[in-house]
Structures are given as structure tokens and as C-alpha cells.
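# A look at the structure
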Amino acid sequence: MDEIEIVKRVFAEPPPTPSALAAGRQRMIRGMRGRRPRRAPLRVAVLALGAAAVVAVVAVGGIGSGDPSRQQAPRLSAAQQVLTNAAWTAEGLPALTPEPNQWIHYQYAGYDPKSKDPVYRGEAWQRLDGRQDASLVDGRIVVVSGPAGSEPEVYTPLGAWQRLAGLPTEPAAMVTALADQPDLSSNTTGSPGERAFANAGVLLWNSPLGAPPSVQAALYRALATLPGIRVDTATDVVGEPAVGLSLPGTPEILFDPATYRYLGERVVSDGVRKQRPLPPAGLTADKRAAWQQWADDPANQQVPAAGSLVSSRLRLVVTLVDQPGNR
């Protein structure tokens, strides 16, 4: 069975009716309002559209009248189908104007090879300027402040959002700009397409709020122009369904297979390259630095068997809030 047939089976849905589309839009609007309607201008609950509001794009037939054999639409690859649907989802998300002193609340899950219990779940808060993190400790919200300027701006939620917002939206220009991000890419030997794909993954993870809808949709459409993207439909080790897209040597970018919402990323061994695990979700700045020091040790960069999971991290729910403790 080829990859197109796999994706058709996994992702195919009947075309939504007008009433289903309307219901999907209403669910999105209710999600934006969150649990406290009075905070609606500041809140983005689960950043996703209902599956009914997603239009599956599978171009396999003729267009218009005349002889179908002479009017064939280009057949999309499996990766192009996923990215095209992700672009449709992104276009339906609300536009935001994030502020440095706002916070994000997120529920997360993942696989950390360093931990005694490698599969983990939890929730955390992070200030958009990256200066503070918060988590639950024995039922209490504990806020931790990091040293000023401890992280490069593009590794903070607001800095990554701004970097994404400034990208060009024309596909070729977008790919060129993504490939030229020296403060992101540690792979200097990969092709421009591989660097662009890897940097897109870093920016999407660093910016839990994504990007302005038109830019995020353009990013997905730009990635769809890259040849050779591989599709992995395996459920993540934490039990969440996911479809992963990757190029040689890059982590997989994960999407929800029902809504095509961005979920996170994972590293799967190709059996050839040394694999560097991803820092787990939900760490404070200090803990991330300590984890990074461990990961940088060559002894912790191995070549597992092909297909082995090295690490994964997902943000299952992301909400824009006023302060830690809010959901």
C-alpha cells in the first residue's frame, strides 16, 4: 500500500455539510471565549478547529467540464495533503496581539529518555517574554523567575511569535528565509530545504501561540513545496494519535490527524545518524539548561535501531491567560 492510500485511510473524512461547517465555527468561537466570557479578548482556548470544519484536500480528478483525461489536477503527495489541510486549519484560527506580560497555560505530554518514568504528562505556565515559568507543586502554583536575558529572544514564546510573524508569505521566499536562521539551526551540513524544515519545527515549538493565521498557513504551504517529506502515522508513545512529517536528519513535526492542528515534535532514529533528544516540555529555564548540558554530552547522542523513538514532546492544549493559575 503506498503512502497516499495510507493517508487516505487515516485522514479521509466525508465533505462537511454547511451545517457542520457552521457548527465547527461555533465550537471554535466558544473555545476562544474559554470558561470566563469576560476574558474573551485575552483568551485563546484549545488552538484547534473541529474536524467538521476541516476540508480534506485530495486533488485526484478532473476540474471543470471537458475530457477528464486532459484536465487532471496535480496529485498531492501524502505530506502535501497533510500540510494543505493544516494550512486550512491555521487560516481559521483567531488573530492575536500577544503582550510580553501575558501568560500561556498548556497541558503537555511526551517521552524523555533521561527520566526513570520516560512517558510524562502535566501542565505548566510560561510568561510570553520568557522571564517566568510556573508549575503545580503539591497543589500550589509555584512561579520561578529566570535570570534576565538567560535565553535568546527567539526561544521565548513572544520572540518566536514575532520571528514567525516577520517571515515572507510567498513560498520560495519563505523557504529561503527559514533556511537562513543561524541562531536556530545546528545543522550546517543539511540542504537548504532540510534547514528550512528543521527551523520551522523549532519556531513552531518555541511559539505555542503559533503565528498570525495567514503567516502560519503560508508556512505550511511553503513546506509543502519541499520534496522528499516523509509521513509517519504512528500514534505517539504517550497514546496521542499523531501524524509526523520529516526530512532526513530532522525531527518530525507532529499534527493532530483529525483537526490538523500542530501538536509538537518527536525524534525517530533512522539507524544511521546520531540522534540528539529533545528537551521535555514543561521545564523551567534552569531545568532546561541542565537538561541541555546532559543532552550535549556525546555519550547521550547515540544511533538507536532504525524506527526507535528517541524523544517526543507535545502540547495538547494551549490557552492565553492573564496570570499563572488561570486555565
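Residues numbered from 1 in each chain as written. Predicted model: local features only at pLDDT ≥ 70, side-chain atom pairs only at ≥ 80, totals over all residues. Heavy atoms only, no water.

### Structural notes on helix 8 (residues 285–296)
Given a rise of 1.5 Å per residue, 12 residues ought to cover 16 Å, and the 16 Å separating the end C-alpha atoms of helix 8 matches this to within 8%. Within helix 8 the residues assigned to the buried category are Ala285, Arg288, Trp291 and Ala295. The buried residues of helix 8 occupy an angular sector of 120° when the element is viewed end-on, so they sit on one face. Those residues of helix 8 that are buried are in contact with strand 2 (119–127) and strand 3 (132–137). (Helix = DSSP H or I, 4+ residues; strand = E, 2+ residues; numbered from the N terminus. Expected span 1.5 Å × (residues − 1). Buried < 20%, exposed > 50% of the residue type's maximum accessible area, 1.4 Å probe, protein only. Arc of directions from axis to C-beta. Contact = heavy atoms within 4.5 Å.)

### A few points about the nonpolar core
Judged by nonpolar contacts, the single largest core of 52 residues is most densely connected at Leu178, Leu219, Tyr220, Leu223 and Phe255. Here this core takes seven residues from helix 7 (residues 213–223), the largest share from any one element. Residue contacts for Phe255: discarding those within four places in its chain leaves Val82, Leu83, Ala86, Tyr220, Ala242, Val243, Leu245, Tyr260, Arg261, Tyr262 and Leu263. By size, the runner-up hydrophobic cluster in this structure holds seven residues, among which are Val238, Leu263, Leu314 and Leu316. (Core = buried A, V, L, I, M, F, W, Y, C linked by side-chain atoms within 4.5 Å.)

### So, the side chain of Gln216
If you trace the backbone, Gln216 turns up in helix 7. Leaving out residues up to four positions away in the same chain, Gln216 has contacts with Ala90, Leu204, Gly210 and Ala211.

### Some details on the environment of Asp322
Within the secondary structure, Asp322 sits in the segment after strand 9 (309–321). For the pair Asp322 and Trp103, spaced 219 residues apart in the sequence, the C-alpha separation amounts to 5.9 Å.

### Some details on the packing of helix 5 (residues 171–179) against helix 7
Helix 7 packs onto helix 5 with a crossing angle of 90° between their chain directions and a minimal axis gap of 9 Å. One element, helix 5, and the other, helix 7, form an angle in the roughly perpendicular class. Along its contact with helix 5, which presents Pro171, Met174, Val175 and Leu178, the element helix 7 presents Val215, Ala218, Leu219, Ala222 and Leu223. Class assignment for the residues of the contact of helix 5 with helix 7 results in nine nonpolar, no polar and no charged. (Axes fitted to C-alpha atoms, helices over the stretch in contact; angles between N-to-C directions. Parallel < 35°, antiparallel > 145°, perpendicular 65-115°, else oblique. Nonpolar A, V, L, I, M, F, W, Y, C, P; charged D, E, K, R; others polar.)

### Some thoughts on the pairing of strand 7 (residues 252–255)
Covered by surrounding structure in strand 7 are Glu252 and Leu254 together with Ile253 and Phe255, the residues of both alternating faces. For strand 6 (residues 243–246) and strand 7, the ladder comprises three bridges, and the chain directions are antiparallel. Note that in strand 7 the partner of Leu245 across the bridge is Ile253. Between the antiparallel neighbours strand 6 and strand 7 lie five residues, among them Gly249 with a positive phi of about 85°. As defined by bridge partners, strand 7 adjoins strand 8 (residues 262–268) across four bridges and the pair is classed as antiparallel. Paired with Ile253 across the bridge in strand 8 is Glu265. Here strand 7 folds back onto strand 8, and the loop between the two strands holds six residues, one of which, Tyr260, carries a positive phi near 65°. (Pairing = 2+ DSSP bridges.)

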